[in-house]
Amino acid sequence: MIITSYILMIIGAIFLALGGFGVFRMPDVYNRIQAGTKATTLGAFALILGVGFAEPSWFLKIALIIVFIAITNPVGSSTLARAAYKSGVSATLLQKQKEGEDK
Amino acid sequence: MIINIIVFSLVGVGVLFALIRLIAGPTAFDRVVGLDTLNIIITATVVLLALVLKNELYLDIAIVYAVLSFLETILFARFLEGRR
C-alpha cells in the first residue's frame, strides 16, 4: 500500500514538473494552455491519489478534491483559450502558414 | 523521508518554470496561463503538505484554494475577453 502511494507520488511530481517546463518552453499561448493543463491535471491526480493511498481515512476529502479538479480544470483552460481567440491572439503555426501563402 | 525530498524538489522545478512564465510572459494571456498552472501545482502541494505534517486541516485549505483558483481563472479570462 505504501509502495503504491510512493510510486503514485513520484509519477505525479514528475508530471507537475513537466507541466511547468512545458508552460515555460512552448512557443504560443494555445500550446502553453494545452501543455500546462493536461500535464498538471494528470500530475495532480496522481499526487493526490498517492496521498489518499498513504492515509486511507482521508479518502472522502481526497475524492472531493480530485472530482473538483477534474471538473474545473478543463473548463478554466477552455474559457481561457476562447478568450485568447476572441481577443485576437494569433497562433505561431497560423502565422507561418500565412507567411507561406504571401510568398 | 527521502521520498519527500524527491517529490518536493520535482514540484519546485515546476513552480520555478511556471513563475518564470508568470513574470516574463509577452501577453497578458501568457501570465494567466502561468498563474493557472501554478495554482494547480500549489493545490497538489498543499495536499502533500497535509501528509507530511500529519494534519487533516490542510485538505480543507486545498479544497478552498481549488475553488478560489478556478474563480480567479474564469474572472481573468472574462475580463481579458471583454477588454479587447
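Report follows, based on the coordinates.

If you tally the helices and strands in chain B, you get three helices and zero strands. In chain B, the succession of helices and strands from N to C terminus is α-α-α. Against the globule reference of 12 Å for 84 residues, chain B gives a C-alpha radius of gyration of 15 Å, more extended than a compact globule. Its C-alpha atoms give chain B principal-axis dimensions of about 50 × 25 × 10 Å. Sequence separation of 24 or more characterises 33% of the internal contacts of chain B that already satisfy a separation of 6 or more.

Let us now look at the interface of chain B and chain A. Listed per partner, the contact involves 40 residues of chain B and 42 residues of chain A. At the level of secondary structure, the elements contributing two or more residues to the side of chain B that touches chain A comprise α1 (2-24), α2 (28-53) and α3 (57-83) of chain B. Among the elements that take part in the side of chain B that touches chain A, α2 of chain B stands out by supplying 15 residues, more than any other. Residue composition of the side of chain B that touches chain A, grouped by class: 28 nonpolar, six polar and six charged.

Time to look at helix α3 (residues 59-86) of chain A. Counted at 1.5 Å a residue, the expected span for α3 of chain A with its 28 residues is 40 Å, and the 41 Å between its end C-alpha atoms agrees. Looking at α3 of chain A, one finds that the buried residues are I62, I65, I69, N73, G76, S77, L80, A83 and A84 of chain A.

Cut-off values and rules
Residues numbered from 1 in each chain as written. Chains lettered and ligands numbered in written order. Predicted model: local features only at pLDDT ≥ 70, side-chain atom pairs only at ≥ 80, totals over all residues. Helix = DSSP H or I, 4+ residues; strand = E, 2+ residues; numbered from the N terminus. Rg over C-alpha atoms; globule rule 2.2 N^0.38 Å. Contact = placed C-beta atoms within 7 Å. Nonpolar A, V, L, I, M, F, W, Y, C, P; charged D, E, K, R; others polar. Expected span 1.5 Å × (residues − 1). Buried ≥ 20, exposed ≤ 12 C-beta atoms within 10 Å, placed from the backbone.

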